[in-house]
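Here is what each chain is made of, one letter per residue.
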Amino acid sequence: MLQNLIYRLLERRHFWRYASFSEVAELYTSRTLRIVAVYIASGFASVYLYQEGYSLTFIIQAWAFYYCFKVLLSFFSAYFAARFGPKHGILISNVLHIPAMVALGFVPNIGFVGVVIWGVFMALSASIYQICYMIDFSKIKNVEHAGKEIAFMNILEKIAVGLSPIIGGLIALWFGPQVVMWVAAVFFILAALPLLRTGEQVHTHQKIEFRGFPWRMAMRSMVSEIGIGFDIIATATVWGLFIAIVIFPGIGDAVYVKLGALSSVTILAAIATSYAYGKLIDRSQGGNLLKISVIVNALVHISRPFATTPAAVVSTNITNEIATTGITMAYMRGVFDTADLSGHRIIYLCATDAVANFGAILACVILLACIALFGDSDGMRIFFFVAAGFVLLTGTASFRLYRK
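Residues numbered from 1 in each chain as written. Predicted model: local features only at pLDDT ≥ 70, side-chain atom pairs only at ≥ 80, totals over all residues. Heavy atoms only, no water.

A. Looking closely at the overall build of the chain. Secondary structure assignment for the chain yields 16 helices and zero strands. Each of the 404 residues in the chain was classed as buried or not, and the buried ones make up 58%. Within the chain, counting contacts between residues at least 6 apart in sequence, those at least 24 apart form 86% of the total. Just so you have it, the chain exposes about 16,400 Å², and 68% of that area is on carbon and sulfur atoms. (Helix = DSSP H or I, 4+ residues; strand = E, 2+ residues; numbered from the N terminus. Buried < 20%, exposed > 50% of the residue type's maximum accessible area, 1.4 Å probe, protein only. Contact = heavy atoms within 4.5 Å. Areas by Shrake-Rupley, 256 points an atom, 1.4 Å probe, with all protein chains shown as cover.)

B. Summary view of the pattern of salt bridges. Taken as a whole and judged by the stated rule, the model has one salt bridge. Across the salt bridge formed by Arg381 and Asp378, the nearest N and O atoms sit 3.1 Å from each other. One end of the pair is Arg381 and the other is Asp378, both in helix α16 (residues 376-390) and three residues apart, which spans about a single turn. Residue classification places Asp378 among the partly exposed positions, given a relative accessible area of 41%. (Salt bridge = Lys/Arg side-chain N within 4 Å of Asp/Glu carboxyl O.)

C. Region of interest: the packing of aromatic side chains. A full pass over the atoms with the stated rule returns 16 aromatic pairs. Ring centres of Trp63 and Tyr66 lie 5.2 Å apart, and the angle between their planes is 90 degrees; on these two criteria the pair is classed as edge-to-face. Taken as a pair, Trp63 and Tyr66 lie in helix α4 (residues 56-84) at a separation of three residues, close to a single helical turn. Side by side, Trp63 and Tyr66 carry an identical accessibility label, which is buried. Aromatic pair Phe76 and Phe80: ring centres 6.2 Å apart, planes at 50 degrees, arrangement tilted. One end of the pair, Phe76, and the other, Phe80, are both in helix α4, four residues apart, so they sit about a helical turn from each other. (Phe/Tyr/Trp six-rings, centres within 6.5 Å; stacked < 30°, edge-to-face > 60°.)

D. Representation of the nonpolar core in the model. Core analysis: the biggest nonpolar cluster contains 95 residues, and Leu49, Trp118, Tyr348 and Phe383 have the highest contact counts within it. Leaving out residues up to four positions away in the same chain, Leu49 has contacts with Tyr54, Ile59, Leu104, Val107, Val115 and Trp118. (Core = buried A, V, L, I, M, F, W, Y, C linked by side-chain atoms within 4.5 Å.)

E. A nonpolar patch on the surface, seen in detail. Together, Phe75, Tyr79, Phe210, Trp215, Met219 and Val223 make up a nonpolar patch on the protein surface, roughly 550 Å² of accessible area in all. At the level of secondary structure, the elements contributing two or more residues to the nonpolar patch comprise α4 and α10 (215-247). Among the elements that make up the nonpolar patch, the one with the highest residue count is α10 (three residues). Of note, Trp215 is situated in helix α10. Given a relative accessible area of 36%, Trp215 falls into the partly exposed group. (Patch = residues over 30% accessible without salt bridge, like charges linked within 9 Å, V, L, I, M, F, W, Y side chains within 5 Å.)

F. Representation of α16 within the structure. Given a rise of 1.5 Å per residue, 15 residues ought to cover 21 Å, and the 21 Å separating the end C-alpha atoms of α16 matches this to within 8%. Listed as buried for α16 are Gly379, Met380, Phe383, Phe384, Ala387 and Ala388. Buried residues in α16 make contact with α4, α10, α13 (286-303) and α15 (345-374). (Expected span 1.5 Å × (residues − 1).)

G. Local environment of the environment of Phe248. Residue position: Phe248 is located in the loop between α10 and α11 (254-264). Assessed through its relative accessible area of 12%, Phe248 is described here as buried. As for Phe248 and Thr308, which are separated by 60 residues in sequence, their C-alpha atoms are 9.2 Å apart.

H. The arrangement of the packing of α4 against helix α5 (residues 86-105) in detail. As a packed pair, α4 and α5 sit with axes 7 Å apart at the nearest point and diverge in direction by 125 degrees. It follows from the interaxial angle that α4 and α5 lie oblique. On α5, the residues that touch Phe80, Ala81 and Phe84 of α4 are Pro86, His88, Gly89 and Ile92. In the contact of α4 with α5, the residues fall into five nonpolar, two polar and no charged. (Axes fitted to C-alpha atoms, helices over the stretch in contact; angles between N-to-C directions. Parallel < 35°, antiparallel > 145°, perpendicular 65-115°, else oblique. Nonpolar A, V, L, I, M, F, W, Y, C, P; charged D, E, K, R; others polar.)

I. Looking closely at the environment of Ile371. Position of Ile371 relative to the elements: it lies in helix α15. Its relative accessible area of 7% is what places Ile371 among the buried residues. A C-alpha to C-alpha distance of 8.7 Å links Ile371 and Phe383, two positions 12 residues apart in sequence. Not counting residues up to four positions away in its chain, the partners in contact with Ile371 are Leu56, Thr57, Ile60, Asp376 and Gly379.

J. Molecular detail of α4. Its 29 residues place the ends of α4 39 Å apart at the C-alpha level, agreeing with the 42 Å of an ideal helix rising 1.5 Å per residue. Residue Leu72 marks the point of greatest curvature in α4, where the axis turns by about 35 degrees. In the stretch just after α4, Gly85 is the one whose phi turns positive, near 100 degrees. (Bend = angle between axes of the 7 residues up to and from the residue.)

K. Layout of the packing of α13 against helix α14 (residues 310-342). Two elements in contact, α13 and α14, have axes whose closest approach is 8 Å; the angle formed by their N-to-C orientations is 150 degrees. You can see that α13 and α14 cross each other, and the crossing is left-handed. Here Gly286, Leu289, Leu290, Ser293, Val294, Val296, Asn297, Val300 and Ser303 of α13 lie close against α14, whose contacting residues are Thr316, Thr319, Asn320, Ala323, Thr324, Gly326, Ile327, Ala330 and Tyr331. When its residues are assigned to classes, the contact of α13 with α14 shows nine nonpolar, nine polar and no charged. (Left-handed = near helix turned anticlockwise from the far one by under 90°.)

This is the structure in structure tokens:
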């Protein structure tokens with residue numbers, strides 16, 4: 001049903017493209033269902049572990065090891081995509097995330113072993129998925145309307161992101177957080193199903209060849225990925241913990257509902273800005289959009305320590321969503337163009353993913369230092385100021401597409 005709806009929307013707006021409408025609809029459908037699965041549970045993972053008695057230091061150390069593992073897996077994932085194709089990689093990644101969610105649900109029963117199983121399988125799943133999805137989407141996009149297509153994907157993602165946390169929060173409140181993890185596992189199965197209908201768009205059994213890779217052209221955008229990785233930790237991990245520990249301490253499972261509601265209110269802003277940003281990108285204004293959005297994002301991080309009420313959190317989340325949407329869409333368009341120009345699509349996307357993971361590791365290390373020196377609450381506050389400086393690196397990306 002969802003796939004048929006997406007198919008009709010695409011068919012009306014594009015009269016030709018490299019891939020068939022059904023193949024694009026499959027990717028969109030699978031992506032949407034995966035986002036639902038991820039955000040219905042994984043968005044609460046750090047808070048869930050904290051509620052189970054694990055210290056903030058332990059949780060951040062776990063994320064640091066997770067991203068270290070992902071740096072190594074970036075190269076494995078690239079070889080996997082070259083050998084078997086990105087669609088097979090996306091399918092396998094969805095299957096791999098199922099034991100991760102099941103293990104996380106059993107953490108209260110099996111303890112640290114469950115955390116390890118969760119981290120290993122989630123890292124495998126996320127690494128393979130990120131590279132394979134980027135390869136697949138960059139291959140099937142319509143160059144003339146890439147901004148619109150990124151906007152359409154982003155709208156679907158934001159709807160899923162907006163609804164999933166509140167659904168997951170209510171399930172956690174009514175049935176317990178463990179049930180959320182198992183519901184997420186079911187959605188990962190559903191996300192794999194649309195990919196079974198058609199074959200690969202990319203040639204399989206490819207060889208990874210580093211000779212001739214245009215390092216000079218790619219290096220500046222690759223370095224800017226450090227800011228991307230840093231922002232992921234600051235926004236997706238530390239902000240949720242800050243809300244749970246500092247703003248709503250000691251409220252039990254009700255914290256999941258509050259986190260879900262505070263995340264879901266951004267959905268309208270995300271949808272409106274996605275459509276507008278898509279038009280700007282297709283009008284060659286992506287470079288300006290990226291720079292302005294990065295500055296706004298830095299200001300959001302500076303404001304986070306002062307957001308101590310629900311109203312302040314809502315306004316922070318909405319502003320962050322507007323800025324992050326601009327960064328994501330403009331940046332993705334530049335990455336896709338560079339991947340096309342490089343002639344080494346898989347290597348370039350692999351390298352950018354590895355650098356982003358390194359940025360996340362750096363963020364974890366700095367956060368651990370802040371916590372050790374200033375304590376949990378003040379350490380997170382100081383970390384947000386540091387994050388504001390690092391996310392500015394994202395604006396240094398010099399994509400050839402935006403220099404025309």
